[in-house]
Amino acid sequence: MVRGLVENRKTSYGICLVLLTATIAWPFPAIVYVGIILSTLGAALQSLTGAPRLLAAIANDDILPILNYFKVADGNEPYIATLFTAFVCIGCVVIGNLDLITPTVTMFFLLCYTGVNLSCFLLDLLDAPSWRPRWKFHHWSLSLLGASLCIVQALEKEDLGSSYGVIMFLISWAFTIVSLALASLIYYYVSLKGKAGDWGDGFKSAYFQLALRSLRSLGANQVHPKNWYPIPLIFCRPWGKLPENVPCHPKLADFANCMKKKGRGMSIFFSILDGDYHECAEDAKTACKQLATYIDYKRCEGVAEIVVAPSMSEGFRGIVQTMGLGNLKPNIVVMRYPEIWRRENLTEIPATFVGIINDCIVANKAVVIVKGLDEWPNEYQRQYGSIDLYWIVRDGGLMLLLSQLLLTKESFESCKIQVFCIAEEDTDAEGLKADVKKFLYDLRMQAEVIVITMKSWDAQVEGGSQQDESMEAFTGAQQRIATYLAEMKAVAEKEGTPLRADGKPVVVNEQQVEKFLYTTLKLNSTILRYSRMAAVVLVSLPPPPVNHPAYFYMEYMDLLVENVQRLLIVRGYRKDVVTLFT
């Protein structure tokens, strides 16, 4: 009974309030009813004409692909959007209870105001140069207060007994959750399928400031091996030609992903355009967009850069010096091995290839050269067998780290690691094996250790088939080097100048050349003997000998990689990348 009296009292209070307003109206009470009807019709017509145009404008901006049906050309009326809006309005009227619709509509208004206030708060707090409000008394705390009030008002639970208040919106928490969920779904859909507009984003300013703060906190000091991440600088320009509209070798992106643990890390894909910068600037921008699109298509986290330079060597020398900021500079240069240089008689490749390696050594960059890139597996091609490391020189643990990163990928997770240590004949092989095992154990790396002494390199003892394959390549390399050397001597004798190659004087010690060839022969025969069935082989990259012609070095490298299907030639740098400490 008390509840009934309260409801009657509320109802009577409402009726009296309406009658009182009409009673005090001037010049006659009916003007209140006329005003209510006209304002209702005016608001309805305004919404019926404004909402379709707003819907068409959103569709024309391409931020929601699902709204493409409502697109209209400039100057045309949005008929389809008008019919859709009318259908929605009629549906709301048919419900017969506006109290079910009003909270949702109000909630979206509050979300809109929250977004605007939050953007103003971020822009003012982060001191964005483009933020210049006309109201000179504006402060970021006012925007934060406005955003907070909208959220608090949206979360207020509905209470009919607390219907007083001027600004306070009394909204049910259930409508709040539904509206927030719907807004989040729209945002997620736009981020996946929509096209980014050119209106700017307040959060981008926050990301920018956070990136700057993080970069300053990293400093320029040497990174501890515990915090070392590979940042590969991937050379996309091929030794030869790629198919049209393919800016990068498809397997380079697959290999770049193999250098990251769970896809975390950044790669820099770059290419070089030969020519004058003023003439090729627009071509470079187009090529950069094409390369960036291709990287996204290959689902590789990275950025694209195009450099215009008179030659490949000058372009690479410039980018290896300037690319990156602070400790976010690339630390590994990745490129494909030029397997086609002799087959297609590309005589300029040896000097360029050796120059790139020397530039990396001077710039203190690690180098990873991929031989057999065409056969490199993608994420769906599972590999079996072993990952073999021929640990010849100290490289800071880079080969060990790369092998561990390969094991984190589905394509190599079934493989095991084998570490081959090269030792002198009189070395204590068992002691060396025990030391390496303990070192790997301290690094928390599981691998089988195999020590190869100089005696086991003697191809006359066993493994004659591997020796026959390698000897054929060895003999061919000897003959080509002898021919090249004879041509150099003839030119020098004719011109009366010292021996020159690649435009600079060279000193050729024929015994040293034979030593390099023979050492490379033994290493190649060993790889073929022990690792013919390996999924991938990693071997140390020998530095180019000083004052040797680049052509000779390419012959050494060709002999090293002969008949090895998939090979990573690795050179570390003057920093450790693995540590005994967790």
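These figures come from a predicted structure and were not determined experimentally.

Participant: Please explain the pairing of strand β1 (residues 232-235) as it appears in this structure.
Facilitator: The side chains of a regular strand alternate, residue by residue, between the two faces of the sheet. Side chains Pro232 and Ile234 project from β1 onto one buried face, and the interleaved Leu233 and Phe235 project onto a second face that is buried too. Pairing of β1 with strand β4 (residues 332-336), which is carried by 3 bridges, proceeds in the parallel orientation. Bridged to Ile234 within β4 is Val334.

Participant: What is the right way to look at helix α10 (residues 312-322) in this model?
Facilitator: Residues of α10 that are buried include every one of Met312, Gly315, Phe316, Ile319 and Val320, and no others. With its buried residues spanning 125 degrees around the axis, α10 presents them on a single face. Along α10, exposed side chains directed more than 90 degrees from the buried face belong to Gln321 and Thr322. Of the residues one or two after α10, Gly324 is the one with positive phi, at around 100 degrees.

Participant: Just checking my understanding: could you explain the packing of helix α15 (residues 510-530) against helix α16 (residues 550-561) for this structure?
Facilitator: When two helices pack together, their arrangement is captured by the angle between the axes and the distance separating the axes. In contact at an axis separation of 7 Å, α15 and α16 are set at 20 degrees when each is read in the N-to-C sense. As far as their axial angle goes, α16 and α15 are roughly parallel. When the axes of α15 and α16 are compared, the crossing they make is right-handed. On α16, the residues that touch Val513, Phe516, Leu517, Thr520, Leu521, Leu523, Asn524 and Ile527 of α15 are Phe552, Tyr556, Leu559, Leu560 and Val561. Class assignment of the residues belonging to the contact of α15 with α16 gives a composition of 11 nonpolar, 2 polar and no charged.

Participant: When you look at the sheet that holds strand β7 (residues 416-423) in this model, what are you seeing that I'm missing?
Facilitator: Across a sheet, strands are paired by hydrogen bonds formed along the backbone, either parallel or antiparallel in direction. Pairing in this open sheet of 10 strands is mixed, and the strands run β3-β2-β1-β4-β5-β12-β11-β6-β7-β8 from one edge to the other. Where the open sheet ends on each side, the last strands, each with one partner, are β3 (302-309) and β8 (448-453). Along the sheet, successive strands turn relative to each other by an average axial angle of 20 degrees, direction set aside. When strand β2 (residues 267-274) meets β3, the two strands line up parallel, connected through 8 bridges. When the bridges of β3 are listed, Ile272 appears paired with Val307. Packing against the sheet, helix α13 (residues 429-442) makes contact with β6 (386-391), β7 and β8, and its axis sits at approximately 150 degrees to β8.

Participant: Help me understand the packing of aromatic side chains in this model?
Facilitator: Inspection of every chain in the model, using the stated rule, returns 17 aromatic pairs. A centroid spacing of 6.2 Å and a plane angle of 40 degrees characterise the contact between Phe109 and Tyr113, whose relative ring orientation is tilted. With Phe109 and Tyr113 both in helix α4 (residues 102-125) and 4 residues apart, the pair spans about one turn of that helix. A ring pair is formed by Trp135 and Phe137, whose centres lie 6.3 Å apart and whose planes are at 70 degrees; its orientation type is edge-to-face. For the pair Trp135 and Phe137, a shared accessibility class is recorded, and that class is exposed. What links up through ring pairs into an aromatic cluster is the set Trp341, Tyr484, Tyr551 and Phe552.

Participant: When you look at the side chain of Ser531 in this model, what are you seeing that I'm missing?
Facilitator: One can find Ser531 in the loop between α15 and β11 (536-540). Residue Ser531 is classed as buried on the basis of its relative accessible area of 5%. A distance of 2.6 Å separates the side chain of Ser531 from the side chain of Tyr390, its partner in a polar contact. The residues contacting Ser531, other than those within four sequence positions of it, are Asp388, Tyr390, Phe420, Thr526 and Val537.

Participant: Help me understand the nonpolar core in this model?
Facilitator: When a protein is soluble and globular, its nonpolar side chains tend to lie buried together. Counting residues in hydrophobic clusters, the biggest one holds 63 residues, and the most contacted among them are Phe316, Phe353, Ile369, Phe552 and Ile569. Of all the elements, α16 adds the most residues to this core, at 10 residues. Those residues in contact with Phe353, other than ones at most four positions away along the chain, are Trp239, Met335, Tyr337, Pro338, Ile369, Tyr553 and Met554. Of all hydrophobic cores here, the second largest spans 56 residues; its members include Phe255, Val308, Ile332 and Ala423.

Participant: What's the story with helix α8 (residues 250-258) in this structure? I'm lost.
Facilitator: Residues that lie three or four places apart on an α-helix share one face, since the helix turns once every 3.6 residues. The buried fraction of α8 amounts to 7 of the 9 residues, a majority that puts the element mostly inside the structure. For α8, the complete set of buried residues consists of Lys251, Leu252, Ala253, Asp254, Phe255, Ala256 and Cys258. On its buried side, α8 packs onto β1, β2, β4, β5 (366-371), α12 (398-407) and β12 (567-571).

Participant: I'm lost on the environment of Val508 in this one. Help?
Facilitator: Inspection of the secondary structure assignment puts Val508 in the loop between β10 (504-505) and α15. Contacts of Val508, omitting those with residues within four sequence positions, involve Leu485, Met488, Leu499, Val513, Pro549 and Phe552.

Participant: Looking at this structure, I do not really get the pattern of salt bridges. What am I missing?
Facilitator: Pairing of side chains with opposite charge becomes possible as their charged atoms draw close. A complete count under the given rule lists 10 salt bridges for this structure. One salt bridge in this structure joins Arg382 and Glu413, with 2.9 Å as the shortest N-O distance. Here Glu413 lies in the loop between α12 and β7 and Arg382 lies in the loop between β5 and β6, a separation of 31 residues in the sequence. Owing to a relative accessible area of 36%, Arg382 belongs among the partly exposed residues under this scheme. For Glu413, a relative accessible area of 44% gives the class partly exposed. Where Lys489 meets Glu510, a salt bridge forms, and the shortest distance between an N and an O atom there is 3.0 Å. Highlighted residues: Lys489 in helix α14 (residues 464-495) and Glu510 in helix α15, separated in sequence by 21 residues.

Participant: Looking at this model, I keep getting lost on unusual backbone geometry. Mind explaining?
Facilitator: Leaving glycine out, the prevailing phi sign among residues is negative, and the prevailing peptide bond configuration is trans. The backbone of Asn364 shows a phi angle near 60 degrees, a positive value even though the residue is not glycine. When you line up the elements, Asn364 lands in the loop between α11 (349-362) and β5. Asn364 sits in the buried class, given a relative accessible area of 18%. Phi at Asn563 takes a positive value of approximately 65 degrees, unusual for a residue other than glycine.

Participant: What exactly am I supposed to notice about the state of the cysteines here?
Facilitator: By definition, a disulfide links two cysteine residues through a covalent bond between their sulfur atoms. On inspection of all chains with the given rule, the structure shows 0 disulfides. Counting only cysteine sulfurs, Cys89 is the nearest neighbor of Cys92, a cysteine outside any disulfide, at a range of 6.5 Å.

Reading the values: the criteria
- Numbers given for residues are sequential positions, taken from 1 along each chain in its written order.
- With the structure being a predicted model, the display of local features is reserved for residues of pLDDT at least 70 and the display and counting of side-chain atom pairs for 80 or more, all residues being used for whole-chain, interface and lining totals.
- Hydrogens and waters are ignored; side-chain quantities use all the structure's heavy atoms.
- Only protein chains enter the calculation, and the probe is 1.4 Å; a residue is then buried if its accessible area is under 20% of its type maximum, exposed if over 50%, and partly exposed in between.
- Helix and strand definitions here come from DSSP, where helices need a minimum of 4 consecutive H or I residues and strands a minimum of 2 consecutive E residues; each element is numbered from the N-terminal end.
- What makes two strands pair is DSSP finding at least two bridges between them.
- Note that the arc is computed from the directions linking the helix axis to the C-beta atoms.
- To get an axis, a line is fitted to the C-alpha atoms, and for a helix only the part in contact is used. The angle between two axes follows their N-to-C directions and goes from 0 to 180 degrees.
- In what follows, roughly perpendicular refers to angles from 65 to 115 degrees, roughly parallel to angles under 35, roughly antiparallel to angles over 145, and oblique to any angle outside these ranges.
- Rotating anticlockwise by less than a right angle from the far helix to the near helix defines a left-handed crossing, while the corresponding clockwise rotation defines a right-handed one.
- By definition, residues are in contact when any of their heavy atoms lie within 4.5 Å.
- Gly falls in the polar group here, along with every residue not listed as nonpolar (Ala, Val, Leu, Ile, Met, Phe, Trp, Tyr, Cys, Pro) or charged (Asp, Glu, Lys, Arg).
- A pair of Phe, Tyr and Trp rings is counted when the ring centres sit within 6.5 Å of each other, with Trp represented by its six-membered ring. The angle between the planes then sorts it: under 30 degrees is stacked, over 60 is edge-to-face, the rest tilted.
- For this analysis, a polar contact is any N or O atom pair within 3.5 Å, provided that within protein one partner can donate a hydrogen and the other can accept it, and provided that sequence-adjacent residues contribute only side-chain to side-chain pairs.
- Joining through side-chain atoms within 4.5 Å is the link that ties buried Ala, Val, Leu, Ile, Met, Phe, Trp, Tyr and Cys residues into a set, and such a set is a nonpolar core.
- Here, a salt bridge means any Lys or Arg side-chain nitrogen found within 4 Å of an Asp or Glu carboxyl oxygen.
- In plain terms, two cysteine sulfur atoms within 2.5 Å form what is called a disulfide here.

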